[in-house]
Amino acid sequence: MSPENTAPALSKTQRRVVAVTAVAGMMVTLDSLIVTTALDAIRSALHASVAELEWTVTAYVLAFAVLLMTAAALGDRFGRRRMFITGLAVFAAASAGCALAPNVATLIAARAVQGAGAALVMPLTLALLGTAIPAARRAAALGVFSSVAGLAVPVGPLLGGAVVTGVSWPWIFWINVPVALVLIPIGRRSLEESFGPRAKLDLAGVLLATLAALGLVWALVRGNTAGWGSTEVVSTFVAGLLLALAFVWWQQRAPEPMLPLRLFRSRAFSAGNAAIFFHWGSALGALFFMAQFLQTGLNFSPMRAGFGLMPWGAIAFIVPQVAGAFIRRIGERPFIIAGLGLHAAAMAWIAVIADPGMAYWRLIAPLVLSGAGVAMSLPATQSAALSGVEPRDVGKASGAYSTMRQLGGALGVAVVVAAFAEYGGYKSIQAFGHGFTAAMIACTVLSLAGAVSGLAAPGGARTARSPVVLLEPAREPAHD
């Protein structure tokens, strides 16, 4: 009998910890997906351009990405429960700001603040769970956490469509407020305060990473409007590249770097991070336009569009639980290459057949293929990124992986929107169709880049592999 089965059952307080952290994780994950089926309604209500629609997604993802590792460090220094509760409060306030936004500029600003709140919540959920649950029961608790948080994938677009159809688009943000307000007092009572090593905050690294990502995304967003050879686009792109180089330079010299570059000496770590960067860029870019295509091209209601994306979301929820059991036996490389290859094939398939007014059933097979491919490669990229580092570096490696995923989403959406704007637009259904085809081709290219990155990932069974400790009990800081 395994130790898991003989360990004492979780106490009532411990079950509340699992519930609070899992629901919080689902809420912040949900918000990057729930907006997809509301984009068409937001565009009509706030008279937003495609670039402004993009920023409603990118502002959230970008703030989430660049603040993740800093948020984890703040939790280590000032208390994980304290920062977790603060993150929930910020997230709730920003969600209300999104719902009340009178124009798209205000919505974008509120989405950025919402992303900052999400960055405080997400990394601390796992840390709090790890300190509260005994080691013998931790794997089971993590399984519950992952299952609940994973529901955001199939539920996000469907819930967004249902809310927009049944009420109005601001309510996709209003629903966060009561959830957060319930979680805050339960979290204060159930979660024990914990601290980690008091590492020095790398504020210079955060600033350089933020400005570098902003410069690159800004250039991609403004390219079609201002002109790819314009002073604005060229200068912001060059500035973004120079700031990215400055970030690398600083990380080599910072006493407590935000992203220790020595981790990239591991081929597996580098491959996993490169693959997830392109993986999430392609997947989020595809979701950004698929929901719009169903509404604009096929005249679906938002709720029907949410149901239309269910073949993608349902298979993406099921497959990782199957794929994860085989990764250790045959290695990460086949899953990354095959998974992103399948997703690329699905995107190319949709690009070929997409046509306004087409029968929806023709999209089901490529949606299932895409969902299976994305879901197959996801646990493999994570396994490669975390198995290629020493146990003492797992915390920073996990933060780096999450950051690369979110940055990939921000830059991926920017690339896909740039392709859409270059070849189409919202002036007519035909123009939208041309732009959508170009967007799907861009998603294909991004996914193929991820598959190529997977060539460097570990392949073959490994019987003597260093164990990956995802969670370690935090140590209380020494007090003078």
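As recorded by an unreviewed UniProt entry, the protein carries the name MFS transporter and is attributed to Dactylosporangium vinaceum. The heading Subcellular location (unreviewed entry) in the UniProt record of the protein holds the text "Cell membrane".

## Concerning a positive patch on the surface
Where like charges cluster on the molecular surface, the positive patch consists of K12, R15, R16 and R189. Within the element layout of this structure, R189 appears in helix α10 (residues 176-190). Judged by its relative accessible area of 64%, R189 is exposed.

## Topic: the environment of G408
With respect to the helices and strands, G408 occurs in helix α18 (residues 394-423). Judged by its relative accessible area of 1%, G408 is buried. The sequence separation of G408 and L62 amounts to 346 residues, and the corresponding C-alpha distance is 9.3 Å. Setting aside residues no more than four positions away along its own chain, G408 makes contact with F277 and G281.

## Some details on the confidence of the model for the protein
Chain-level pLDDT for the protein is 83 on average; 89% of the residues reach the 70-or-more range. This model gives residues 463-480 a pLDDT under 50, and the stretch forms 31 contacts once residues within four places in sequence are excluded.

## So, the nonpolar core
Residues F84, F289, L363 and M440 are the most contacted members of the largest nonpolar core, which totals 110 residues. Once residues within four sequence positions are removed from consideration, F289 is found in contact with V50, V416, V417, F420, Y426, F436, A439 and M440.

## As for the pattern of salt bridges
In total, this model carries two salt bridges according to the counting rule given. Taking the shortest distance from any N to any O, the salt bridge between R111 and D31 comes out at 3.2 Å. Here R111, found in helix α6 (residues 104-132), pairs with D31, found in the loop between α2 (12-30) and α3 (39-46); they are 80 residues apart in sequence, far enough to count as distant. What makes R111 buried here is its relative accessible area of 1%. In this structure, the salt-bridge partner of D40 is R43, at a minimum N-O distance of 2.8 Å. Note that D40 and R43 are positioned in helix α3 at a spacing of three residues, about one turn of the helix.

Conventions and cut-offs
Residues numbered from 1 in each chain as written. Predicted model: local features only at pLDDT ≥ 70, side-chain atom pairs only at ≥ 80, totals over all residues. Heavy atoms only, no water. UniProt positions renumbered as here; feature names shortened; annotations may be inferred. Patch = residues over 30% accessible without salt bridge, like charges linked within 9 Å, V, L, I, M, F, W, Y side chains within 5 Å. Areas by Shrake-Rupley, 256 points an atom, 1.4 Å probe, with all protein chains shown as cover. Salt bridge = Lys/Arg side-chain N within 4 Å of Asp/Glu carboxyl O. Lys, Arg positive; Asp, Glu negative; His and termini not counted. Charge placed at Lys NZ, Arg CZ, Asp CG, Glu CD. Helix = DSSP H or I, 4+ residues; strand = E, 2+ residues; numbered from the N terminus. Buried < 20%, exposed > 50% of the residue type's maximum accessible area, 1.4 Å probe, protein only. Contact = heavy atoms within 4.5 Å. pLDDT = per-residue confidence, 0-100. Core = buried A, V, L, I, M, F, W, Y, C linked by side-chain atoms within 4.5 Å.

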